[in-house]
Amino acid sequence: MEAPAAPHNPAETQLTVTSPEQMRELGRRLAKLLRAGDLVMLSGELGAGKTTLTRGLGEGLGVRGAVTSPTFVIARVHPSLGDGPPLVHVDAYRLSGGLDEMEDLDLDVSLPDSVIVVEWGEGKVEELTEDRLQVVIHRAVGDTTDEVRHVTVTGLGERWSETDLDTLSG
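S.K.: An account of the nonpolar core is requested, with residue identities and associated values reported.
M.R.: Core analysis: the biggest nonpolar cluster contains 26 residues, and L26, L34, L133, V135, V151 and V153 have the highest contact counts within it. When residues of this core are assigned to their parent elements, the largest contribution, four residues, is made by helix α1 (residues 20-31). Judged by nonpolar contacts, the second largest core, of nine residues, contains L39, M41, V90 and V125.

Here it is as structure tokens:
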């Protein structure tokens, strides 16, 4: 007798991305699932594609301004060019403290009206909301020109419990 198949978790999906353009396209597809009040946490090694994914999100959300890494300004707001939510792009890499340091950015004030994307946010922004999307990008490390990325997208909380993230695979 075969063991029953593991239940499919619609709030998690794994994808393989083989180029920067595919990473941007993933961001554009992800944008279709997002709405004001959503928090997206991005993690992965340097050069994994976090900002490239966010650039696609910005394109998909139709926001103003080129999405670039906000490393030196920490947070950058991209207003919507239409009637959608603005995109708040945060790079928490240089923030050593937890939520205390993040509170200085007033993200909790922005969250209800914006889509907030935080790079390097693990251990720093989870307290903002139980409902969040975690995107983990794995790439080969070391001396490699390999463009292959393995992306795991996990929806946490009530907001994502009924969302089928498999639609991201295009």
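S.K.: I'd love a proper account of the environment of V77, names of residues and values included.
M.R.: Along the polypeptide, V77 turns up in strand β3 (residues 75-78). Distance in space between the C-alpha atoms of V77 and V67 is 9.5 Å, their sequence separation being ten residues. Beyond its immediate sequence surroundings of up to four residues, V77 is in contact with P86, L87 and V88.

S.K.: Which residues make up the pattern of salt bridges, and what are the values?
M.R.: For side chains of opposite charge, pairing can occur when their charged atoms come near one another. Enumeration over the complete set of coordinates arrives at six salt bridges. R28 is the partner of E59 in a salt bridge, and the nearest nitrogen-oxygen pair spans 2.4 Å. Residue E59 is found in helix α2 (residues 50-61), and its partner R28 is found in helix α1; the two are separated by 31 residues along the sequence. Residue E59 is classed as partly exposed on the basis of its relative accessible area of 34%.

The rules behind the values
- Residues numbered from 1 in each chain as written.
- Predicted model: local features only at pLDDT ≥ 70, side-chain atom pairs only at ≥ 80, totals over all residues.
- Heavy atoms only, no water.
- Core = buried A, V, L, I, M, F, W, Y, C linked by side-chain atoms within 4.5 Å.
- Buried < 20%, exposed > 50% of the residue type's maximum accessible area, 1.4 Å probe, protein only.
- Helix = DSSP H or I, 4+ residues; strand = E, 2+ residues; numbered from the N terminus.
- Contact = heavy atoms within 4.5 Å.
- Salt bridge = Lys/Arg side-chain N within 4 Å of Asp/Glu carboxyl O.

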